[in-house]
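Secondary and tertiary structure notes
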Amino acid sequence: MIYLFLLALLLPISQVSAGADLDVPTNVANRSMSIKGQLFCGRKPFEGAKIRLFRVYQPSASDDLADLLDVKNTYITGMFQVEGDTSRFPRTKTDIQPYVTIHHNCDMDEKATSNYGYKRIGVRLPEDYVTLGTKARKVYDFGKLNLELEFPGQAHDLKFQFKD
């Protein structure tokens, strides 16, 4: 019986010494978020849309890049995954109210894109997928989205440059 008691005391100590393998946040104020999905233009996967993940809501048509967590382009399959954290932000700005923008030119030729600009869709995401630490522990699945649709709040962004 005493051996079981000693074993119960020593087991947690041995696991603590192996703590180097644990993903312990360097600052408990850090938050992270990850999103994945797939974009289509009609029935074809849409390559080259720009996905931006922001720390907070971006109300204007031009995004505040100071709050940008991550940016990616969709692959040839139309798939994307963006992931970001607040480790580069001051401690007063570590909350995440996740917001994603999608810039694309689905159903637009080069002339229409240069005249009107890229289409911009903005979506607020659930805060349930924000996790502590610099590595996201949950991934929000955006699902499959057809960019031919007209989305509420969709606008043309003449100032958007694809190289941004």
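Residues numbered from 1 in each chain as written. Predicted model: local features only at pLDDT ≥ 70, side-chain atom pairs only at ≥ 80, totals over all residues. Heavy atoms only, no water.

Formally: UniProt positions are given in the numbering used here, feature names are shortened, and annotations may be inferred rather than shown by experiment.
As recorded in an unreviewed UniProt entry, the protein chain goes by Transthyretin-like family protein and comes from Caenorhabditis tropicalis. Annotation of the protein chain in UniProt includes, under Subcellular location (unreviewed entry), the sentence "Secreted". Recorded in UniProt under Sequence similarities (unreviewed entry), the annotation for the protein chain is "Belongs to the nematode transthyretin-like family."

Examining the environment of Lys119
So the rule is basically this: The secondary structure listing takes helices from DSSP runs of H or I that are at least 4 residues long and strands from runs of E that are at least 2 residues long, numbered from the N terminus. Whether two residues are in contact is decided by their heavy atoms, any of which lying within 4.5 Å being enough. We call two N or O atoms a polar contact when they sit within 3.5 Å, provided that within protein one can donate a hydrogen and the other can accept it, with sequence-adjacent residues counted only if both atoms are side-chain atoms.
Within the secondary structure, Lys119 sits in strand 7 (residues 118-124). With 36 residues separating them along the chain, Lys119 and Ala155 place their C-alpha atoms 5.7 Å apart. Sequence-distant contacts of Lys119, that is, excluding residues within four places in its chain, are made with Ile102, His103, His104, Cys106, Asp107, Met108, Gln154, Ala155 and His156. Of note is the side chain of Lys119, whose polar atom sits 3.1 Å from the backbone oxygen of Cys106.

What about the confidence of the model for the protein chain?
How we decide: Looking at any residue, its pLDDT shows the predictor's confidence there, from 0 to 100.
Here the protein chain averages 83 in pLDDT, while 80% of its residues score no lower than 70. Within the protein chain, strand 2 (residues 44-45) carries the highest mean pLDDT (97), whereas helix 1 (residues 2-17) carries the lowest (47). Below a pLDDT of 50 lies the segment residues 3-7, which in the model reaches zero contacts outside its immediate sequence neighbourhood of four places, other chains included. Segment residues 13-22 is flagged for pLDDT under 50; beyond a separation of four residues in sequence, or across chains, it makes zero contacts in the model.

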